[in-house]
Amino acid sequence: MENNSTFSRSVAAQQAALTVIEAAQKGEFINGPVFTAPELADAEKELMLKILTAVADKRRRDGDSLDDETVSSMFTFVFARAGEAVTNYVNNQPNEFSMMGLFDGKAPLYTDERITGYFKKLNFPGDCAQNFWDWIHSESVPQGTDPLLALMESLKWCFRITCHIAVTFLRENGFRF
């Protein structure tokens with residue numbers, strides 16, 4: 001069977017993902033496979049599409065620049081929405097993902113109270129944002145990298161690993177899936 005599709009690898013996307021994976025490893029949140037479920041993958045897709053739409057709207061209004069505070073806010077937002085997605089998953093509820101707080105650092109945390117208390121102690125989104133910011137401004141970024149696409153790749157991994165963090169926390173505290 002012949003396939004005429006052209007496949008490529010994005011070194012920039014891999015490097016962007018590594019900024020989040022390294023933050024997770026440093027925080028000792030991962031040491032093996034990352035927990036996932038089809039429902040969480042669907043939630044990730046839904047959220048990333050909403051973020052892309054919001055970013056496109058922001059670009060039309062304000063131009064292309066993203067500063068460090070906005071990037072940090074975006075990671076915090078994704079962290080909060082991932083906790084929300086896990087809460088919805090375990091409660092068999094649909095996701096409604098409000099976009100409040102995406103750009104202003106004031107993302108509300110709509111999660112199970114156990115997750116809320118735990119998440120408030122973590123600096124994982126801040127570590128992810130700092131790693132991404134340092135990388136995107138380094139000389140190791142491949143020439144021609146679209147910063148927004150790299151950011152979106154990092155945000156996807158932030159979502160995935162945050163879901164893993166929440167599921168791990170719930171399992172360690174007696175919740176059975």
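Residues numbered from 1 in each chain as written. Predicted model: local features only at pLDDT ≥ 70, side-chain atom pairs only at ≥ 80, totals over all residues. Heavy atoms only, no water.

(A) Layout of the overall build of the protein. Across its full length, the protein carries 6 helices and 0 strands. Its helices and strands in sequence order give the protein the pattern α-α-α-α-α-α, from N to C terminus. Relative to the globule expectation of 16 Å for 177 residues, the C-alpha radius of gyration of the protein, 16 Å, shows essentially globular dimensions. Burial statistics for the protein: of 177 residues in total, 42% are counted as buried. Put simply, of all contacts in the protein between residues at least 6 apart along the chain, 82% involve residues at least 24 apart. Carbon and sulfur atoms form 48% of the exposed surface of the protein, whose accessible area is close to 10300 Å². Considering the protein, the positive charge centre built from 17 side chains and the negative charge centre built from 24 side chains are found 4 Å apart. (Helix = DSSP H or I, 4+ residues; strand = E, 2+ residues; numbered from the N terminus. Rg over C-alpha atoms; globule rule 2.2 N^0.38 Å. Buried < 20%, exposed > 50% of the residue type's maximum accessible area, 1.4 Å probe, protein only. Contact = heavy atoms within 4.5 Å. Areas by Shrake-Rupley, 256 points an atom, 1.4 Å probe, with all protein chains shown as cover. Lys, Arg positive; Asp, Glu negative; His and termini not counted. Charge placed at Lys NZ, Arg CZ, Asp CG, Glu CD.)

(B) Region of interest: helix α3 (residues 68-90). The end-to-end C-alpha distance of α3 is 34 Å, a good match for the 33 Å that 23 residues give at a rise of 1.5 Å each. Buried residues dominate α3, accounting for 17 of its 23 residues. You can read the cap of α3 off the contacts: a side-chain oxygen lies 3.2 Å from the backbone nitrogen of E69, and it is on D67. (Expected span 1.5 Å × (residues − 1). Polar contact = N/O pair within 3.5 Å; in protein donor to acceptor, adjacent residues only side chain to side chain.)

(C) Quick look at the side chain of T87. If you trace the backbone, T87 turns up in helix α3. Residue classification places T87 among the buried residues on the basis of a relative accessible area of 8%. In this structure the side chain of T87 is engaged in a polar contact, spanning 2.9 Å, whose partner is the backbone nitrogen of D112. Dropping the residues within four chain positions of it, T87 is found in contact with Y110, T111, D112 and I115.

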